[in-house]
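Each chain, letter by letter, is given below.
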Amino acid sequence: MHWHILGAGAIGCLWADFLTRTGQDVSLILRNHSSLAHWAENGPLEVYAGQNRHSVHCRLETPDAEVPIGHLLVATKAYDTLTAMEAIQSRLAPEAEIVLLQNGMGQHEKVLQRLQQQRPKLRLWAATTTAGAWLENRQRLHCVSQGDTHIGPLTDHTPALPSGWDQLDIPLHACADIAPLLWRKLAINCAINPLTVRFNCRNGALLETAERIEMMQRVCREVEQVATAAGITLFPEPLEERAAAVAQSTGNNLSSMLQDIRNGRRSEIEQITGFLCQQARALNIDVPVNHALLHAIRAMNPQDTDQ
């Protein structure tokens, strides 16, 4: 079986490792020929996990390659989803299997609407993961944790798992209804990522001052209001307790949003806090703290625009 992976960041490369270890062929689809030129031939990837190290070899392609795509994992930034999909859309098989493994929300519905019009038989899943990894360079990946991955179908008559995923040697959970899991990941991201940007700090530092703790609590209460109105149950305990626990357990981490902004890249604020604010507006709920964070991050980062 041949899986294509769109998005060669840390998570895309991590799944290339997971899939390759089951004996499946994997191709990484890079952004363009300029990106391809920075990779060694045959895509060798050194994977470090604690004291263990092994090599993974992937095929490398650009979107304009002619190889048909029957199985596709999308691991791009959420805001790049539609553009990246359009670049390879002509290569998709009529009954292609597509997994969206990304932060944020909103892009799933857009992909579904766009593709189902032209390929009504395709199968689409959404997945969310707590796996952690980072790229030291283009050929060296550090796996911090396999985490837990939840996946569920977005299209009718779609199996619980994509082809070959039952062989993955990772904590993988099939869900009949993936929406609550996507909301839970969104809620934690809303509670941590924008605040690490606001205070320019690592995750754990959000728990170091009364001001930061209070702002996290206010963000969490607003998120819970919106989720409840949308018919979503987040966690058994209050969100502020779960968010504080995550911030503490990932205390030394720099959030992906803070990394993006420090490096002058566009962040996923629109697909995280922006999505939350859109839902709040539709439900006629006031979320002043989240709204202020959204506008503050837009203002401080020229790459972020109101979508």
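Here, every reference points to the structure presented above.
The rules behind these values
Residues numbered from 1 in each chain as written. Predicted model: local features only at pLDDT ≥ 70, side-chain atom pairs only at ≥ 80, totals over all residues. Heavy atoms only, no water. Helix = DSSP H or I, 4+ residues; strand = E, 2+ residues; numbered from the N terminus. Rg over C-alpha atoms; globule rule 2.2 N^0.38 Å. Buried < 20%, exposed > 50% of the residue type's maximum accessible area, 1.4 Å probe, protein only. Contact = heavy atoms within 4.5 Å. Areas by Shrake-Rupley, 256 points an atom, 1.4 Å probe, with all protein chains shown as cover. Pairing = 2+ DSSP bridges. Axes fitted to C-alpha atoms, helices over the stretch in contact; angles between N-to-C directions. Core = buried A, V, L, I, M, F, W, Y, C linked by side-chain atoms within 4.5 Å. Parallel < 35°, antiparallel > 145°, perpendicular 65-115°, else oblique. Left-handed = near helix turned anticlockwise from the far one by under 90°. Nonpolar A, V, L, I, M, F, W, Y, C, P; charged D, E, K, R; others polar.

(A) Broad picture of the overall build of the protein chain. The number of helices and strands found in the protein chain is ten helices and twelve strands. Relative to the compact-globule value of 19 Å for 307 residues, the protein chain shows a C-alpha radius of gyration of 19 Å, a close match. Across its three principal directions, the C-alpha atoms of the protein chain cover 55 × 45 × 35 Å. Looking at the protein chain residue by residue over its 307 residues, the buried ones come to 51%. Summarising the internal contacts of the protein chain: among those between residues at least 6 apart in sequence, 69% fall at separations of at least 24. When the accessible area of the protein chain is evaluated, it comes to approximately 14200 Å², of which 46% is carbon and sulfur surface.

(B) Just the sheet that holds strand β10 (residues 140-145), in detail. If you trace the four strands from one edge of the open sheet to the other, you get β4-β3-β10-β9, paired in mixed fashion. What marks the edges here is a single partner per strand, and that holds for β4 (52-57) and β9 (132-137). In this sheet, adjacent strand axes meet at a mean angle of 25° when their direction is disregarded. Bridge count for strand β3 (residues 44-49) against β10 is three bridges, and the pairing is parallel.

(C) Region of the structure containing the nonpolar core. Residues W183, M216, V223, L234 and L239 are the most contacted members of the largest nonpolar core, which totals 47 residues. Going through the elements one at a time, α5 (179-199), α6 (210-229), α7 (239-249), α8 (256-262), α9 (273-282) and α10 (288-300) are the ones with two or more residues in this core. Take this core: its biggest share by element is twelve residues, from α5. Once you skip the residues sitting within four places of it in the chain, M216 turns out to touch A191, I192, L195, L206, L207, A243, A244 and A247.

(D) Summary view of the packing of α5 against α7. The N-to-C vectors of α5 and α7 enclose an angle of 65°; their axes lie 10 Å apart at closest approach. Considering the angle they form, α5 stands roughly perpendicular to α7. In this structure, α5 meets α7 at a crossing whose hand is right-handed. Counting all contacts with α5, which are made through A187, I188, A191 and I192, the residues of α7 involved are L239, R242, A243, V246 and A247. Grouping the constituent residues of the contact of α5 with α7 by class yields eight nonpolar, no polar and one charged.

Fair warning: the whole summary comes from geometry, so function is off the table for now.
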